[in-house]
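Listed below are the residues making up each chain.
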Amino acid sequence: MTTIFSTNQVGGTGSILIAAGDYIYLPGILVQGTTDDGIRVNVVDGTKLNIQASSTIVGDDDGVVLDGDVNFQLTSTGSIFAEDDGIFFSSAPAVDKAFVTIDGSILANDGVVDTASASIMSLTVNGTIHGTDNGVILASGSSVTVNSGGTIVGGSNDNGQDTIGEAAAVFLSAKGDTSVFYAGTIRAEFNPDTGRFIAIVNGTNSFSGIGANLDASAESLVTNSGLISGDVLLGAGDDTLNNSGMIIGDVNMGNNDDVVLGGANGVIQGELGLGTGEDQVNYGGKIANDTVAIRGFDGNDDVNIGTTGSVISTSTAIQLEASNNQVTVAGDVYGQQYGVGFFSGSFSNKVSVEGVLASDQNAAAFSGGGNEIRISNSGSVEGGGYQSFFD
């Protein structure tokens, strides 16, 4: 069955209530909930509902409330304005995934919110989602894909509803595993509560600085080939970041065993913090920062800078704390003070240089005792005061 709403729908509590129908079309009309939600959808279990909206949807509370097995598309001529959530997904589908496609624009406190336990929602963004608090909130099993031309903006905590640290352009709930894929733009707005621009966060945070103990235990996969402007703070699960685009901000992988990958075009303009755990870095792009560029915390990290890779810092390019770390430099690593540094008292750290490891002011490699550096025939170590210093 197909239902077409061809006239404006304005009401107090949920101007349109949809519970049945195979296809619903909202072409070029005004849908407004003057004291509550604009549209409420409650699909009967076992059925699938398809909604295409080319209209302007206004909610005094939420713009659109989705529940159950639903495909919802906001076309390029459609827009949603809401005091609270632009789109709120309230419960998990019974049979299939819920698919939400945004080709138009959303302006709300939180742009798209999926907080249902064990929810499975697939969100595709080709237009613009702007949340003055959070751009997108995802629960377990859900994913968001931002295609080229798509944009998610958020993170300012403008209305002060959230506790400190919970606002981001993309907020990954700690309820389960999530996947995010970006070829478009993720842009964080300034949060005065934290003093930071937070693009992606997994779970709530204490924000005690880079290396903070993030409390989310779910695994997150973040794949970026576009632009992420703001900090990326992942939680305590075994997270993976694959970056072939641009990240302007600090990256904190959090606790547990994380993986950082990057192709030749991948750029991180900020600090890559590995957090705790046995982390692996295999990076062929560029990491640059005014202070430390790559920082590890509790040892057993494996950092491999490929032949096309470069790490640049006005301080120490790669700084690994504790022991049993391995660093392989096949590309270029330059630190104005130190190229690679290990904290005094650390041991069993190994540095293998096949490319260029350099420092202007001090040593290319600096360490406490019980560590080693190996230079291949193709490798070069250049220090301002001395090539390497291992006491």
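Details of the structure are given in the entry above.
This section reports on the structure supplied with the text. As the structure is a computational prediction, the values presented were derived from the model and not from experiment.

So, about the overall build of the protein chain. A tally of helices and strands in the protein chain yields zero helices and 47 strands. Considering the protein chain as a whole, with its 391 residues, one finds that 54% of them fall into the buried category. Here the contacts in the protein chain between residues at least 6 apart in sequence split such that 46% fall between residues at least 24 apart. Total accessible area computed for the protein chain in this model is approximately 14,400 Å², and 47% of it derives from carbon and sulfur atoms.

This next bit is on the pairing of strand β4 (residues 23-26). The two faces of β4 differ: I24 and L26 on one face are buried, but Y23 and Y25 on the other face are not. Bridge analysis of strand β1 (residues 2-4) against β4 gives three bridges, and the strand direction is parallel. By the bridge assignment, T3 is partnered in β4 with I24. Of the pairings in the sheet, the one linking β4 to strand β7 (residues 49-53) comprises four bridges and is parallel in character. Bridge assignment links Y25 to a residue of β7, and that residue is Q52.

Turning next to unusual backbone geometry. With a phi angle near 65°, A322 is a residue other than glycine that sits in the positive phi range. Within the fold, A322 resides in the loop between β38 (316-320) and β39 (326-329). The phi angle at N324 is positive, at roughly 60°, despite the residue not being glycine. For N324, a relative accessible area of 39% translates into the label partly exposed.

Our next topic: the side chain of N134. As for its position among the elements, N134 is in strand β16 (residues 128-138). Here the side chain of N134 touches A168 through a polar contact of 2.9 Å, landing on its backbone nitrogen.

What counts, and at which threshold
Residues numbered from 1 in each chain as written. Predicted model: local features only at pLDDT ≥ 70, side-chain atom pairs only at ≥ 80, totals over all residues. Heavy atoms only, no water. Helix = DSSP H or I, 4+ residues; strand = E, 2+ residues; numbered from the N terminus. Buried < 20%, exposed > 50% of the residue type's maximum accessible area, 1.4 Å probe, protein only. Contact = heavy atoms within 4.5 Å. Areas by Shrake-Rupley, 256 points an atom, 1.4 Å probe, with all protein chains shown as cover. Pairing = 2+ DSSP bridges. Polar contact = N/O pair within 3.5 Å; in protein donor to acceptor, adjacent residues only side chain to side chain.

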